[in-house]
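Results of the structural survey
Here's the letter readout for the chains.
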Amino acid sequence: MTRLHVVDTTMRDGANSFSHQFTTDQVSAIAAGLDRAGVKLIEVTHGDGLGGSSLQLGRAAHSDAEYITAAVQAVEEARIAVLYVPGIATLKDLAVAKECGAQAVRIAVHCTEADCAEQAVRWAREQGLEVLCFLMMSHMISPEALAEQAALLDGYGAHVVYTVDSAGALTPSGAAARVAAMRARVSCEVGFHAHNNLGCAVGNTLAAIDAGATYVDGSLRGLGASAGNAATEVLVAALQRDGHETGINLFDLVDVAEDIVAPIMPRPQVIDATALTIGYAGVYGTFFLFAKRAAEKYGVDSREILLELGRRGVIGGQEDMIIDVAAELAGKADLPAGAGVRG
């Protein structure tokens, strides 16, 4: 079986479930535990990546530099990765992250906008960073179109290009088709990042591996945006049962999930009505809390908000549209029966 690279994103994607309020002590403890278990690449930043701490996206309890430093100082073997989203982060932010000890960067762009990553990919390669690229909301385009975008990132110098199921909208056949199409077009490694809105995160990841993915993501206890990610400990157990070599001690990993992460989780990571609707509608996972808050404020159903966002093709970075849609739905609900109907 193929040697797989399991990347843990508890302290980045998981920050979305924490409203970005991880403490540096929590980051240190989780990073140290993952390192002891044998996880070699650990992602740490605000949930929306470097520079994401803002009024619009949510203020973090600490700066990215503080989070990165805490993680770097806690590990012995693992490398610390950061998330870079063009338009949110700057190269200056990435330079600071490197100074703090980050050795890898995950550069995330919408699935049709690979060209937006070129500057950051080339700069990061010149700086000696490991470069992993994310094609977000990958369900929105065909496998062939996604592979064309992956080929661009490969040409810029990416070490790994990911199919990213940001909305948790893919099923195993769709995940496998996208990874296979990318594998046929690129010379670099191929990765897969799952969300669990349709309950398919681990299954999708296994299908992606069968199609050629060698980098896969997880989050302890599934902690992540919306319904969360593939749970790292569950994923590793499934991989080892399937005969794959991960280099990770399963019981040590489970201990980190049970003893460190579970007690600090603000809520169980479950597929509730809003999370399920995100996957069904195919909208960005980080809209989860925003949609719930807007629904409460305007007295409308969060599911209706999400379905309308899906119909409009709203993507990450357009969070302001959540309020607009909620207000519009509330306004329609206030109309008397038959108002606006023409005979």
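The model shown is predicted, which means the values in this text are computed figures rather than measured ones. (Residues numbered from 1 in each chain as written. Predicted model: local features only at pLDDT ≥ 70, side-chain atom pairs only at ≥ 80, totals over all residues. Heavy atoms only, no water.)

This part is about the pattern of salt bridges. The tally for this structure, following the rule as stated, stands at 12 salt bridges. Its salt-bridge partner being Glu130, residue Arg79 comes within 2.9 Å of it at the nearest N-O pair. One end of the pair, Arg79, is in strand β3 (residues 79-84); the other, Glu130, is in strand β5 (residues 130-136), with 51 residues separating them in the sequence. Overall, Arg79 belongs to the partly exposed group, its relative accessible area being 26%. The class of Glu130 is buried, set by a relative accessible area of 15%. (Salt bridge = Lys/Arg side-chain N within 4 Å of Asp/Glu carboxyl O. Helix = DSSP H or I, 4+ residues; strand = E, 2+ residues; numbered from the N terminus. Buried < 20%, exposed > 50% of the residue type's maximum accessible area, 1.4 Å probe, protein only.)

The computed volume of the second largest pocket comes to approximately 320 Å³. Along its surface, the second largest pocket is lined by 26 residues, and Asn16, Ser17, Ser19, Leu289 and Arg293 are the ones closest to its centre. (1 Å grid on protein atoms, 1.4 Å probe; cavity = no way out; pocket = protein on both sides within 12 Å on 5 of 7 lines; lining within 4 Å. Points joined across faces, edges and corners; volume = space filled by probe spheres on them.)

On to the environment of His159, then. Looking at the element boundaries, His159 is found in the loop between α5 (143-156) and β6 (160-164). Given the relative accessible area of 30%, His159 is considered partly exposed. Sequence separation between His159 and Leu132 is 27 residues; the distance between their C-alpha atoms is 5.8 Å. What His159 contacts, discounting residues up to four positions off in sequence, is Arg125, Leu129, Glu130, Val131, Cys188 and Glu189. (Contact = heavy atoms within 4.5 Å.)

A few words on the packing of helix α1 (residues 24-37) against helix α9 (residues 250-261). For the pair α1 and α9, the least separation of the axes is 8 Å and the interaxial angle reads 165°. Between α1 and α9, the interaxial angle falls into the category roughly antiparallel. Crossing geometry of α1 relative to α9 is assigned as right-handed. Counting all contacts with α1, which are made through Ala29, Ile30, Gly33, Leu34, Arg36 and Ala37, the residues of α9 involved are Asp252, Leu253, Val256, Ile260 and Val261. The residue makeup of the contact of α1 with α9, split by class, is eight nonpolar, one polar and two charged. (Axes fitted to C-alpha atoms, helices over the stretch in contact; angles between N-to-C directions. Parallel < 35°, antiparallel > 145°, perpendicular 65-115°, else oblique. Left-handed = near helix turned anticlockwise from the far one by under 90°. Nonpolar A, V, L, I, M, F, W, Y, C, P; charged D, E, K, R; others polar.)

Ile42, Tyr84, Leu94, Val105, Ile107 and Leu153 are the most contacted members of the largest nonpolar core, which totals 82 residues. In this structure, Val105 is in contact with Val82, Tyr84, Leu94, Ala124, Leu129, Glu130, Val131 and Leu132, ignoring residues within four places of it in sequence. (Core = buried A, V, L, I, M, F, W, Y, C linked by side-chain atoms within 4.5 Å.)

Spatial ordering of the closed barrel is given by β1-β2-β3-β4-β5-β6-β7-β8, a layout of eight strands whose pairing is parallel. Put simply, the sheet's adjacent strands are angled 25° from each other on average, direction ignored. Pairing geometry for strand β2 (residues 41-44) and β3, over three bridges, is parallel. Within β3, the position partnered with Ile42 by the bridge is Ile80. (Pairing = 2+ DSSP bridges.)

Backbone geometry at Met137 places phi at a positive 55°, although glycine is not the residue there. Within the secondary structure, Met137 sits in the loop between β5 and α5. Judged by its relative accessible area of 1%, Met137 is buried.

Okay, a nonpolar patch on the surface next. Taken together, the side chains of Leu198, Ile271, Leu276 and Tyr280 present a nonpolar region at the surface, about 400 Å² in accessible area. Relative to the elements of secondary structure, Leu276 occurs in helix α10 (residues 273-281). You can call Leu276 partly exposed: its relative accessible area is 42%. (Patch = residues over 30% accessible without salt bridge, like charges linked within 9 Å, V, L, I, M, F, W, Y side chains within 5 Å. Areas by Shrake-Rupley, 256 points an atom, 1.4 Å probe, with all protein chains shown as cover.)

Right, let's talk about empty space enclosed by the protein for a bit. What the rule picks out here adds up to one cavity of 30 Å³ or more. If you add up the space inside the largest cavity, you get close to 40 Å³. The wall of the largest cavity is formed by Met11, Ala15, His20, Gln21, Phe22, Thr45 and Tyr67. Its residues assigned to classes, the lining of the largest cavity shows four nonpolar, three polar and no charged.

Moving on: the packing of helix α6 (residues 172-185) against helix α7 (residues 201-210). Two elements in contact, α6 and α7, have axes whose closest approach is 8 Å; the angle formed by their N-to-C orientations is 35°. Where α6 crosses over α7, the two elements pack in a sense that is right-handed. Listed contacts from α7 to Pro172, Ala175, Ala176 and Val179 of α6 are Gly203, Asn204, Ala207 and Ala208. Here the residues of the contact of α6 with α7 are counted per class, giving six nonpolar, two polar and no charged.

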